[in-house]
Each structure stands twice: as structure tokens, then as C-alpha cells.
Amino acid sequence: MATPSSPSRNDIAIEGLKRAGVTNPTAAMVKRVADEWVPEIVSDIVDQSRRLGDGFLEILQTTAIAIATPNRRRYPLPADFDDELSVTLLDGDTTGTAQDGDSSVVTLDSAESISSADAEGRYVLMTAGTSKGQYRQITDYNSTTKEATVEQPWDDTKTPVSGDTYVILDCFDILWEDNTKEADKSYAATASSRPASFSRFNAEYLLDYPPDKAYGLKLRYYANPLKLDFADSKWTQMLSDWRSALIDGVTTLALEENDDSRSDNVRERFIAKVGGIVAKERPFGDEFEGVTL
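Criteria and thresholds
Residues numbered from 1 in each chain as written. Predicted model: local features only at pLDDT ≥ 70, side-chain atom pairs only at ≥ 80, totals over all residues. Heavy atoms only, no water. Helix = DSSP H or I, 4+ residues; strand = E, 2+ residues; numbered from the N terminus. Buried < 20%, exposed > 50% of the residue type's maximum accessible area, 1.4 Å probe, protein only. Contact = heavy atoms within 4.5 Å. Pairing = 2+ DSSP bridges. Axes fitted to C-alpha atoms, helices over the stretch in contact; angles between N-to-C directions. 1 Å grid on protein atoms, 1.4 Å probe; cavity = no way out; pocket = protein on both sides within 12 Å on 5 of 7 lines; lining within 4 Å. Points joined across faces, edges and corners; volume = space filled by probe spheres on them. Nonpolar A, V, L, I, M, F, W, Y, C, P; charged D, E, K, R; others polar. Phe/Tyr/Trp six-rings, centres within 6.5 Å; stacked < 30°, edge-to-face > 60°. Lys NZ or Arg CZ within 6 Å of the ring centre and 35° of its normal. Salt bridge = Lys/Arg side-chain N within 4 Å of Asp/Glu carboxyl O. Core = buried A, V, L, I, M, F, W, Y, C linked by side-chain atoms within 4.5 Å. Polar contact = N/O pair within 3.5 Å; in protein donor to acceptor, adjacent residues only side chain to side chain.

Draft legend 1. Representation of the overall build of the protein chain within the structure. For the protein chain, the helix and strand inventory stands at seven helices and 14 strands. The buried share among the 293 residues of the protein chain stands at 44%. Considering only contacts in the protein chain between residues 6 or more positions apart, those separated by 24 or more positions represent 70%.

Quick look at the structure:
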């Protein structure tokens, strides 16, 4: 059986309008609903989870990798960052310069001495060059050819090339979070060291000490759907998983705009569907208490 294709924002807009009695919606009307109403409804669903007290939805969980460079303490938060940040310091003693790579392989340094048994199952982090910031698990390593096969292909435009540097990780330290007052106190420190904590201020996070070498910084956070590109896979997933509720949301707004009394019944159906979404997607459990559209 063929897998149904994911709906677009336009598909949801058209279906919601038709259910509200707009038989032939104009292109301008569809664009307005797709660009304004659908994101608004998605944002309302996300906000509802926050109002319940445990914050965010699992569908918006994501990770970003940054490379800490010696003596640099300040790093920008991702453009789509919303909240709930954790930072893990990635480190290892095995470092080198790659010889080459392809879609799912990186050829390690010609002088690399790590054994297959030690390399396989560990993660390699690319720390500089074309492939900088990518982080993959090694599934197979040939200690003769130095070719490390990774479990997930490299990004299309960031395949490792000769001269890129790497570290094979053996240390994953979760940094604790300081308040900004403590960060200001530690900011006087000038001696470089291994960071142990961070603090967040506006669109940046600050390490407690200037790094003494290159480290990986793995950020786990929740993305803001309104800051994501509509081509992002998370939008595709939300449109697919939340299709029925989003259509009801569009129908509700369209009926209300025309003072149609049927809006109350559709809104009740929408609220029930949002309850199912929140119950499924929230990392923690609480009773669903309703939604405001």
C-alpha cells in the first residue's frame, strides 16, 4: 500500500476553508490562511503545552553542535532556539587530521593509531574544515586503510575532505547552568581551562572559563516553530501528524470570521484533538485543561 504524502500548508488551508463552506477559495485567501493562520494555530498548540506547566512538545526537541575554540567564551544560540537548554562538553584524547572522506566515510590521519575495537561504537566529531561541527558514530573502522564508516551520512555539502580535523570522543560532560550574576563573577578569569558551567544571556551562552583547547558543545533545546523555515522537516512532521486538528483550527477561524454559529461545534472538536496532541507530544504528563485559539 502506498504511503500517503505529507500535506502542505496550502493543502490544510484549502481543506479547512472548504469545510467552512468556501467552495472555491481564491489564491490570495489560501496564501493568507497558509502563511498566517496555520502558523498561528501551531503556535497556539505549542503554547498550550507550556500553560500546563511542563513546557514543550517532543516534536520540537532538537540538537545543535558548536565547536568551542581556545580562549573564546561566548557562543550564539541557534536561530530557532526557544528554551530548555542543556550543554554537553564533548572531548577526547584521540585527535588528528583527516585524509579524505565520502558520503558516509572519513579517512582518519595516516598516523592514527587507534584500533578497530577502540574506534567502533565511539563518536567522531569534526572540529575544523568543511565538515566542522558534524558528529557521527563510527560503525566500522579499518585500521589499515584508516577508513571510518559512520552510521549516518554526512551533510551533503559538508563531506570531510583532506585537512579537516577531528576528535574521537570518550568524554561527555554535562555542564551545569549558572545564573548571569555568577557568570559575571567568573568572567574576570583569564586563565584558560576546561569549562565546567555555562550561563545564558539573550541570544548567547557563556562558558565559565576560556577553553584551553577545541571542544564540542552539544546543545539540546526546543525549537520555536515560528522561527523554523517552512521547509524544515519539523514543519513537515507537524503538518502530517497534526493534520486533522490543523484543518479544524482553520475551519473554526474561518467560521468565526463570518460569524457562523457552527464555529462552536468545530472548536470543541478542535480542542479535543489538541488534547490528544498535547498528551502524546509532551515529555511529561498532566491532565489536559483546554486550549485557546
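Having put the structure on the table, let's press on.
Draft legend 2. Geometry of the sheet that holds strand S11 (residues 171-177). The sheet built from seven strands is open, its strands ordered S1-S14-S3-S11-S12-S13-S2 with mixed pairing. In this open sheet, the two strands that pair with only one neighbour each are strand S1 (61-68) and strand S2 (74-76). In this sheet, neighbouring strand axes are inclined to one another by 30° on average, regardless of whether the strands run parallel or antiparallel. Two strands pair when backbone bridges link them, and S11 and strand S12 (residues 197-201) are joined in this way by two bridges, in the parallel orientation.

Draft legend 3. Fine view of the pairing of strand S8 (residues 135-142). With three bridges connecting them, strand S7 (residues 123-128) and S8 associate as antiparallel partners. Within S8, the position partnered with Leu125 by the bridge is Tyr135. Between S7 and S8, which pair antiparallel and follow one another directly, the connecting turn spans six residues, one of which, Gly129, has a positive phi of 100°. Connecting the antiparallel pair S8 and strand S9 (residues 147-150) is a turn made up of four residues, with Lys146 showing a positive phi of about 70°.

Draft legend 4. Structural view of the layout of surface pockets. Here the largest pocket defines a volume of roughly 450 Å³. Around the largest pocket, the lining is made up of 21 residues, and of these Thr62, Thr63, Ala64, Ile65 and Asp155 lie nearest the centre. Secondary structure elements with two or more residues in the lining of the largest pocket: S1, S8, strand S14 (215-223) and helix H5 (233-241). If one sorts the elements of the lining of the largest pocket by residue count, S1 sits on top with four residues. Taken together, the residues of the lining of the largest pocket break down into five nonpolar, six polar and 10 charged.

Draft legend 5. Region of the structure containing the packing of aromatic side chains. Using the criterion set out here, one finds six aromatic pairs in the structure. Ring centres of Phe198 and Tyr205 lie 6.4 Å apart, and the angle between their planes is 90°; on these two criteria the pair is classed as edge-to-face. Each of the two residues, Phe198 as well as Tyr205, counts as buried. Members of the aromatic cluster, each reached through a chain of ring pairs, are Tyr75, Phe198 and Tyr205. Over the aromatic face of Phe230 sits the side chain of Arg9, whose NZ or CZ is 3.6 Å from the ring centroid.

Draft legend 6. Expanded view of the pattern of salt bridges. One pass over the structure, following the stated rule, counts 15 salt bridges. Note that Asp83 and Arg200 form a salt bridge whose closest N and O atoms lie 3.3 Å from each other. Of this pair, Asp83 sits in strand S3 (residues 81-91) while Arg200 is found in strand S12, placing the two residues 117 residues apart along the sequence. One salt bridge connects Asp91 with Lys213, and the closest N-O pair in it is separated by 3.0 Å. Linking Asp91 in strand S3 with Lys213 in the loop between strand S13 (204-207) and S14, this pair joins segments that are 122 residues apart in sequence. The class for Lys213 is partly exposed, based on a relative accessible area of 30%. When salt bridges with common partners are traced through the structure, they connect Asp91, Asp173, Arg194 and Lys213 into a single cluster.

Draft legend 7. Quick peek at the nonpolar core. Leu217 and Trp242 are the most contacted members of the largest nonpolar core, which has 51 residues in total. Elements with a contribution of two residues or more to this core: helix H1 (9-19), helix H2 (27-51), S3, S13, S14, H5, helix H6 (243-257) and helix H7 (263-281). Sorting elements by how many residues they give to this core places H2 first, with nine residues. With near-sequence residues (within four places) excluded, Trp242 lies in contact with Val42, Ile45, Val46, Leu57, Ile59, Ile277 and Glu281.

Draft legend 8. Fine view of the side chain of Arg73. Relative to the helices and strands, Arg73 is located in the loop between S1 and S2. Side-chain polar atoms of Arg73 contact the backbone oxygen of Leu207, separated by 2.9 Å. Side-chain polar atoms of Arg73 contact the backbone oxygen of Asp208, separated by 2.7 Å.

Draft legend 9. Fine view of unusual backbone geometry. Positive phi outside glycine occurs at Lys146, with the angle close to 70°. By relative accessible area, which is 14% here, Lys146 ends up buried. The phi dihedral of Asn202 is positive, around 55°, even though this residue is not glycine. Relative to the helices and strands, Asn202 resides in the loop between S12 and S13. By relative accessible area, which is 63% here, Asn202 ends up exposed.

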